[in-house]
Amino acid sequence: AKAAGRGTLIVFEQGMDMVVQDQHALEIDLRRALQRGEFELHYQPFINIASGLVCGFEALVRWRHPQQGLIPPDRFIPLAEETGIIVPLGAWVLERACADAVTWPVEMRLAVNLSPVQLRHCGIVETVGGALRASGLLATRLELEVTETVMLAGADSRKSLQAIGAMGVSIVLDDFGTGYASLSYLAEMPFSKIKIDRGFVADLPTHHTSRAIVSAITNLASALHMEITAEGVETEEQLMILKAAGCTHAQGYYFARPRPIGDIEMPRQAKKV
Ligand code: C2E
Ligand code: CA
Ligand code: CA
Ligand code: CA
């Protein structure tokens, strides 16, 4: 029994060792990738449901790895957050995205995701202001998407968010319904838009509870004068249910997948999709 216990321990230690080594190698890779310019942004449009017009695009980061090909953000953002690399990576995303968006028609907005780790960093207000100044993008064209965790974050993060909002940038509450946010925070924070998590959207046609939740969120958002976007819309059926529930904006594969900037046919003026 003792031997078996020891054996188990050794296997466990070796397993841990491997994980640690992997993470360390990835961390070095991440830093080098940023220096070598291996990250790129893909853009996915969001649409006004009533008019069918494209309102803007969300920037989504990818890692063009020389050996492994295109790596999705879920595979490196968590480590970038743990190691703090998200701070310079996030700054690059902001600068790149603002520089791209300034070439679009003026009615097109830009949405950029902001990690809670970036928001905790003391330079975040200056990073956002700097990206706007360097690109010449109007602050009112920029939306920053944060998740519910920012509402549990400290007073400093909330102050930064208020300061960014005061510059004219819109703050969007992303992945709504997945976290632990208390509804009272909604009124406290300067959110101008809520994004319903795609988990609810996927369940819409089959789950009556999801419909009830989406209706409730939509009612709440309109009472608080916030726009409401449904993400992960893949079918016309989902879109029709969302529209009936009073959802104003939508985003998802039904309209378009995220694409590199060069592959997007940018309308001269907002146009129907
Ligand atoms: P998110 O902000 O919730 O972004 C939406 C995700 O849903 C994107 O995945 C998008 O490609 C995907 N998506 C869009 N439409 C559909 C659909 O119809 N069906 C399905 N199944 N998926 C859809 P992606 O690009 O892999 O990004 C994953 C997450 O990584 C993002 O979730 C965001 O939390 C994070 N992320 C991406 N870019 C950045 C960034 O620049 N900075 C930070 N901090 N996080 C980022
Ligand atoms: Ca987002
Ligand atoms: Ca989301
Ligand atoms: Ca998400």
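In the nomenclature of an unreviewed UniProt entry, the protein corresponds to Diguanylate phosphodiesterase from the organism Pararhizobium antarcticum.

> What should I look at first to understand the coordination of the calcium ion (ligand 2) in this one?
For a metal bound by four donors in tetrahedral geometry, the ideal donor-metal-donor angle is 109.5 degrees, whereas six donors in octahedral geometry ideally sit at 90 or 180 degrees. Protein ligation of the calcium ion (ligand 2) involves Glu58 (OE), Asn113 (OD1), Glu145 (OE) and Asp174 (OD), the donor distances falling in the range 2.1 to 2.4 Å. A gap of 3.9 Å separates the calcium ion (ligand 2) and the calcium ion (ligand 3), which aspartate 174 links by coordinating each metal. Residue glutamate 58 is found in strand β2 (residues 54-65), and its partner aspartate 174 is found in strand β6 (residues 170-176); the two are separated by 116 residues along the sequence. A single burial state applies to glutamate 58 and to aspartate 174, both of which are buried.

> Where do I start with the confidence of the model for the protein in this structure?
Detailed reading of the predicted coordinates is not advisable wherever pLDDT is low. Mean pLDDT for the protein: 88, with 89% of residues reaching 70 or above. Both confidence scores are given for the complex: pTM 0.91, ipTM 0.98.

> I'm lost on the site of ligand 1 in this one. Help?
The immediate surroundings of ligand 1 are formed by 21 residues, with Gln44, Arg62, Arg198, Glu234 and Tyr253 found nearest. The separation between a nitrogen atom of ligand 1 and a polar side-chain atom of glutamine 44 is 3.0 Å. Glutamate 234 is positioned such that a nitrogen or oxygen atom in its side chain is 2.5 Å from a nitrogen atom of ligand 1. Out of a free accessible area of 800 Å², ligand 1 has 85% covered by protein chains. Here the residues of the shell around ligand 1 sort into eight nonpolar, five polar and eight charged.

> For this particular structure, what's the right way to read the environment of alanine 59?
The topology assignment puts alanine 59 in strand β2. For alanine 59, a relative accessible area of 3% translates into the label buried. Along the chain, alanine 59 and tryptophan 92 lie 33 residues apart, while their C-alpha atoms are 12 Å from each other. Those residues in contact with alanine 59, other than ones at most four positions away along the chain, are Leu41, His42, Tyr43, Ala97, Leu110, Ala111, Val112 and Asn113.

> Help me understand the environment of glycine 246, please; the structure alone is not making it clear to me.
Secondary-structure assignment places glycine 246 in the loop between α11 (236-244) and β9 (249-250). Take glycine 246: its relative accessible area is 36%, and that puts it in the partly exposed class. When the C-alpha positions of glycine 246 and alanine 221 are compared, they lie 9.9 Å apart, and in sequence the two are 25 residues distant. Filtering out sequence-adjacent residues up to four positions away, glycine 246 remains in contact with Thr218 and Ile228.

> Just to check I follow, could you spell out the state of the cysteines for this structure?
Two cysteines joined by a covalent bond between their sulfur atoms form a disulfide. Under the criterion given, the structure shown has zero disulfides. Residue cysteine 122 stays outside any disulfide, its sulfur separated by 20 Å from that of cysteine 98, the closest cysteine. The exposed category is assigned to cysteine 122, whose relative accessible area is 75%.

> Can you help me understand the coordination of the calcium ion (ligand 4) in this one?
Around the calcium ion (ligand 4), the protein contributes the donor atoms Asp175 (OD) and Asp175 (OD), at 2.8 to 3.0 Å from the metal centre. Along the polypeptide, aspartate 175 turns up in strand β6.

Calculation criteria
- Residues numbered from 1 in each chain as written.
- Chains lettered and ligands numbered in written order.
- Predicted model: local features only at pLDDT ≥ 70, side-chain atom pairs only at ≥ 80, totals over all residues.
- Heavy atoms only, no water.
- Donors = N, O, S within 2.8 Å, 3.2 Å for Na, K, Ca; no water.
- Helix = DSSP H or I, 4+ residues; strand = E, 2+ residues; numbered from the N terminus.
- Buried < 20%, exposed > 50% of the residue type's maximum accessible area, 1.4 Å probe, protein only.
- pLDDT = per-residue confidence, 0-100.
- Near = heavy atom within 4 Å.
- Polar contact = N/O pair within 3.5 Å; in protein donor to acceptor, adjacent residues only side chain to side chain.
- Areas by Shrake-Rupley, 256 points an atom, 1.4 Å probe, with all protein chains shown as cover.
- Nonpolar A, V, L, I, M, F, W, Y, C, P; charged D, E, K, R; others polar.
- Contact = heavy atoms within 4.5 Å.
- Disulfide = S-S within 2.5 Å.

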